[in-house]
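One-letter residues, chain by chain:
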Amino acid sequence: MTVHFIGAGPGAPDLITVRGLRLIEACPVCLYAGSLVPREVVEAAPKDARVLDTAPMTLDEIIAEIQSAHDAGLDVARVHSGDPSLYGATAEQMRRLDAAGIPYDVTPGVPAFSAAAAALKTELTIPEVCQTVILTRTAMKSSSMPDGEELSTLAKSGATLAIHLSIRNIPHIQRELTPLAAYGEDCPAIIAYRVGWPDETFIRAPLGELHRKAREAKLTRTALIFVGRALGAKDFIDSKLYDGTQVHLLRPKRKSVA
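Rules behind the numbers
- Residues numbered from 1 in each chain as written.
- Predicted model: local features only at pLDDT ≥ 70, side-chain atom pairs only at ≥ 80, totals over all residues.
- Heavy atoms only, no water.
- UniProt positions renumbered as here; feature names shortened; annotations may be inferred.
- Helix = DSSP H or I, 4+ residues; strand = E, 2+ residues; numbered from the N terminus.
- Buried < 20%, exposed > 50% of the residue type's maximum accessible area, 1.4 Å probe, protein only.
- Contact = heavy atoms within 4.5 Å.
- Areas by Shrake-Rupley, 256 points an atom, 1.4 Å probe, with all protein chains shown as cover.
- Lys, Arg positive; Asp, Glu negative; His and termini not counted.
- Charge placed at Lys NZ, Arg CZ, Asp CG, Glu CD.
- Axes fitted to C-alpha atoms, helices over the stretch in contact; angles between N-to-C directions.
- Parallel < 35°, antiparallel > 145°, perpendicular 65-115°, else oblique.
- Left-handed = near helix turned anticlockwise from the far one by under 90°.
- Nonpolar A, V, L, I, M, F, W, Y, C, P; charged D, E, K, R; others polar.
- Phe/Tyr/Trp six-rings, centres within 6.5 Å; stacked < 30°, edge-to-face > 60°.
- Lys NZ or Arg CZ within 6 Å of the ring centre and 35° of its normal.
- Polar contact = N/O pair within 3.5 Å; in protein donor to acceptor, adjacent residues only side chain to side chain.
- Core = buried A, V, L, I, M, F, W, Y, C linked by side-chain atoms within 4.5 Å.
- Domains from an automatic or database assignment.
- Buried area = accessible area lost by both parts, 1.4 Å probe.
- Salt bridge = Lys/Arg side-chain N within 4 Å of Asp/Glu carboxyl O.
- Pairing = 2+ DSSP bridges.

For the chain, the name recorded in an unreviewed UniProt entry is Precorrin-4 methylase, with Fulvimarina pelagi HTCC2506 as its organism. Quoted verbatim from the Sequence similarities (unreviewed entry) field of the UniProt record, the comment on the chain reads "Belongs to the precorrin methyltransferase family." Within the UniProt record for the chain, the comment given under Pathway (unreviewed entry) is "Cofactor biosynthesis; adenosylcobalamin biosynthesis."

Draft legend 1. Fine view of the overall build of the chain. When helices and strands are tallied, the chain shows eight helices and 10 strands. Looking at the chain as a whole, 42% of its 258 residues qualify as buried. If you take every contact in the chain between residues at least 6 apart in sequence, the share linking residues at least 24 apart comes to 68%. Within the structure as shown, the chain displays about 14,300 Å² of accessible surface, and the carbon and sulfur contribution to it stands at 52%. For the chain, the distance from the average site of its 28 positive side-chain charges to the average site of its 30 negative ones is 5 Å.

Draft legend 2. Structural detail: the packing of helix α3 (residues 59-71) against helix α4 (residues 90-100). Remark: α3 packs on α4, axes separated minimally by 11 Å, with the N-to-C direction vectors making an angle of 45°. Put simply, α3 runs oblique to α4. Considering how the two elements wind past one another, α3 and α4 form a crossing that is right-handed. Listed contacts from α4 to Leu59, Asp60, Ile62, Ile63, Ile66 and Gln67 of α3 are Glu92, Gln93, Arg96, Leu97 and Ala100. When the residues that make up the contact of α3 with α4 are grouped by side-chain class, the tally is six nonpolar, two polar and three charged.

Draft legend 3. A look at the packing of aromatic side chains. Going through the model one piece at a time under the given rule, you end up with one aromatic pair. Ring plane angle 90° and centroid distance 5.9 Å describe the contact between phenylalanine 5 and tyrosine 104, whose orientation is recorded as edge-to-face. Here tyrosine 104 lies in strand β5 (residues 104-107) and phenylalanine 5 lies in strand β1 (residues 3-7), a separation of 99 residues in the sequence. Since its relative accessible area comes to 26%, tyrosine 104 is described here as partly exposed. Sitting over the ring of tryptophan 197, arginine 194 keeps its end group 4.3 Å from the ring centre.

Draft legend 4. Looking closely at the side chain of threonine 54. The residue threonine 54 is located in the loop between β3 (50-53) and α3 in this model. In terms of polar contacts, threonine 54 uses its side chain to reach the side chain of arginine 78, at 3.3 Å. In this structure, threonine 54 is in contact with Leu31, Tyr32, Ala33, Ile62 and Arg78, ignoring residues within four places of it in sequence.

Draft legend 5. Broad picture of the nonpolar core. Residues Leu161, Ile167, Leu177, Ile191, Leu210, Ile225 and Val227 are the most contacted members of the largest nonpolar core, which totals 25 residues. Where this core is concerned, the elements lending two or more residues are α6 (151-154), β7 (160-164), α7 (170-177), β8 (188-193), β9 (201-206), α8 (210-217) and β10 (223-227). Residue contacts for leucine 177: discarding those within four places in its chain leaves Leu151, Ala155, Leu161, Tyr183, Gly184, Leu207 and Val227. Within the second largest apolar cluster, 16 residues are counted, among which are Ile6, Leu23, Cys27 and Val79.

Draft legend 6. Spotlight on the environment of threonine 222. With respect to the secondary-structure elements, threonine 222 resides in the loop between α8 and β10. Beyond its immediate sequence surroundings of up to four residues, threonine 222 is in contact with Leu36, Ala192, Tyr193 and Arg194. Among the polar contacts made by the side chain of threonine 222, one reaches the side chain of arginine 221 at a distance of 3.2 Å.

Draft legend 7. Local environment of the domain arrangement of the chain. Taken domain by domain, the chain holds domain 1 (3-107) and domain 2 (112-232). Each of domain 1 and domain 2 has a C-alpha centre, and these two points are 29 Å apart. Taken together, the contact between domain 1 and domain 2 spans nine residues of the former and 12 residues of the latter. In total, domain 1 and domain 2 occlude about 830 Å² of area from one another, counting both sides; carbon and sulfur atoms represent 70% of this. Applying the counting criterion to the domain 1 and domain 2 interface returns zero salt bridges. Put simply, domain 1 and domain 2 have three residue pairs in polar contact (both at pLDDT 80 or more) between them.

Draft legend 8. Examining the sheet that holds strand β6 (residues 133-137) more closely. The strand order across the open sheet formed by five strands is β6-β7-β10-β8-β9, and the pairing between neighbours is mixed. Edge positions in the sheet fall to β6 and β9, since each of these pairs with one other strand and no more. Strand after strand, the sheet turns through a mean of 20° between neighbouring axes, direction not considered. By the bridge criterion, three bridges tie β7 to β10 in an arrangement that is antiparallel. Within the sheet, the bridge partner assigned to isoleucine 163 lies in β10 and is isoleucine 225. Along the sheet face, α8 touches β8, β9 and β10 and points at about 150° away from the line of β9.

What follows is the structure, given as C-alpha cells:
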C-alpha cells in the first residue's frame, strides 16, 4: 500500500502528468483538494473508488481516511493542485504518515507560476535584466512569514517575484516594493487569476495601479501576482545559449574551410 501525493497542475485537466493520471486511474481511494482540483481529474478514478473532497476536512480526518485505506491495503491517490512542493500543506501530512509508518511517494505537477508564464508567452528570466525568480507569499490569515523573508528583504535582489496567496494584500505589496529602486510604481506587474481554468484572466498594470485594477475586477482569491522588470521586457540582449561565437561541448569550434 502506498499513498501517492500527486500534483494535478493549476486547473486545466490536461495539464496533469501522465504518471499522475495513471496513478489516479489505478487507486481505489482518491482524496482530492476540491476547491482547486478540477472534478474532471478525479473522474479518472476507478468506478468503484472511494473519492472524497478534502476541502471541508481537517488534517485529522484526512489522516484517518488514509489510515483506514492502509489498514485495508488500498493505495491512495492524494491529489493536490499545482505542485505538491509549493503551499500544498503536504509536509504536515507526510510527517503524520512517517509517524504511522505509512509509505508514500510524490508525483510533481505543473506549478501555477509556470502555467501562467506559458499562457502569457513570457520568460521570467531575461538576460541582463533578471536571472532569478522568487516564489513567496505574504502573511494574512495564514501562518506568519519567517524572519528574513519579508517582501522588502527578498526584493532587494531585483528578482522576478511570484507572490502567492496575496490578492487581498496588494496594498502591503505596494508599500514594500514601490520604495525600492528595482521596482517602483512603474514596475510591470501582472495578476494571474484562475490559471488554467475556463475563466482564466490576466491583468497587466504598473505596480502602483495594481490594487485599483484588482478592485475593479473584484478579485478576492485564487490569484498569483508577478512583479518585476523582466515582465514584458523588449530591449534586451540575446542570450549566449545559441550565440554562434560561443563554443561548448555540443557546439565545438568549426574548422575553417580553405
